[in-house]
Amino acid sequence: AQSVTQLGSHVSVSEGALVLLRCNYSSSVPPYLFWYVQYPNQGLQLLLKYTSAATLVKGINGFEAEFKKSETSFHLTKPSAHMSDAAEYFCAVSRRGGKLIFGQGTELSVKP
Amino acid sequence: GAVVSQHPSRVICKSGTSVKIECRSLDFQATTMFWYRQFPKQSLMLMATSNEGSKATYEQGVEKDKFLINHASLTLSTLTVTSAHPEDSSFYICSARDPGTGNEKLFFGSGTQLSVL
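Here we summarise the structure given alongside this text. These numbers were taken from a predicted model, which means no experiment stands behind them.

Before going further, it helps to examine the overall build of chain B. Counting its secondary structure elements, chain B contains zero helices and 11 strands. For chain B, the N- to C-terminal ordering of α and β elements is β-β-β-β-β-β-β-β-β-β-β. Taken over the C-alpha trace, chain B has a radius of gyration of 13 Å; the compact-globule value for 117 residues is 13 Å, and the two agree within 12%. For chain B, buried positions account for 52% of its 117 residues. Restricting to contacts in chain B with at least 6 residues of sequence separation, those with at least 24 account for 54%.

Below you can see the structure in the form of structure tokens.
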């Protein structure tokens, strides 16, 4: 069975600081992995995805993630946080047929 | 890019009534759509997979008679919450797969906040 675990339900950083949101996955087959962002009372927006091509994936809004098979991780990073980055972030793994299994979510707060 | 429209964005209803939520793919034909449910401060839980022209596939623990799904056309799937109760209050989100982009390309609607009084 496939699953993802996000470490830390809430992360707080200062504006301009590094953002690191952690995600570990469990999968018996090579996974497709995703990071989504959700703003209050809205749907999800895809930040980036890993589909077995390059292990370092660059997404929108300056975010990137690195797939590390040895660590079963897919952590999301951004060098410099912006106030507009404050949102809920979800890591997800794709099951066969396009179904997504989501992690618990990490709320990112950005302090001025 | 591909867009998925979900309507309504917010609905308040009385206990015992039924509520229909629509999910439309605006510029592609979606043979498969997914319905998720999200409680406050929690993750999204897959409820069911909606397949055009056939019965929906429900995840374990989801009541089929409670959450009726119809996918009558390639651009529209509906979720009807029947005889709604306060515990059904939640945020419902649909997603659609654009078959032209592979299994990994999903587009999400903006969600529906259901409040049952």
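This part is about unusual backbone geometry. All names here are of chain B. Of the consecutive residues H7 and P8, the connecting peptide bond is found in the cis state with omega at 0°. Positive phi outside glycine occurs at S83, with the angle close to 45°. Mapping S83 onto the fold places it in the loop between β8 (76–81) and β9 (90–97). Since its relative accessible area comes to 35%, S83 is described here as partly exposed.

A few words on the state of the cysteines. Residue and element names in this part refer to chain B. A complete count under the given rule lists two disulfides over all chains for this structure. Across a sulfur-sulfur distance of 2.0 Å, C23 and C94 are joined as a disulfide pair. One quick way to see it: the torsion about the S-S bond of C23 and C94 is about 80°, and its sign makes the bridge right-handed. Taken together, the positions of C23 in strand β3 (residues 19–25) and C94 in strand β9 put the pair 71 residues apart, joining distant regions of the chain. Here C23 matches C94 in class, with each residue buried. Cysteine C13 is unpaired, with the sulfur of C94 as its nearest cysteine sulfur at 18 Å. On the basis of relative accessibility, which here comes to 9%, the residue C13 falls in the buried class.

Moving on, we come to the packing of aromatic side chains. Taken as a whole and assessed by the stated rule, the structure comprises 13 aromatic pairs over all chains. Residues Y25 of chain A and F67 of chain A carry aromatic rings whose centres are separated by 5.6 Å and whose planes lie at 20° to one another, so their mutual orientation is stacked. Placement of the pair is Y25 of chain A in strand β3 (residues 19–26) and F67 of chain A in strand β7 (residues 64–68), with a sequence separation of 42 residues. This pair shows no difference in class: Y25 of chain A is buried, exactly as F67 of chain A is. With a centroid separation of 5.9 Å and 55° between ring planes, the pair formed by Y36 of chain A and F102 of chain A is classed as tilted. Here the residue Y36 of chain A occupies a position in strand β4 (residues 33–38), and F102 of chain A occupies one in strand β10 (residues 100–102), the gap between them amounting to 66 residues. Among the aromatic side chains, those forming a connected cluster through ring pairs are F34, Y36, F90 and F102 of chain A together with Y36 and F108 of chain B.

How each quantity is defined
Residues numbered from 1 in each chain as written. Chains lettered and ligands numbered in written order. Predicted model: local features only at pLDDT ≥ 70, side-chain atom pairs only at ≥ 80, totals over all residues. Heavy atoms only, no water. Helix = DSSP H or I, 4+ residues; strand = E, 2+ residues; numbered from the N terminus. Rg over C-alpha atoms; globule rule 2.2 N^0.38 Å. Buried < 20%, exposed > 50% of the residue type's maximum accessible area, 1.4 Å probe, protein only. Contact = heavy atoms within 4.5 Å. Disulfide = S-S within 2.5 Å. Phe/Tyr/Trp six-rings, centres within 6.5 Å; stacked < 30°, edge-to-face > 60°.

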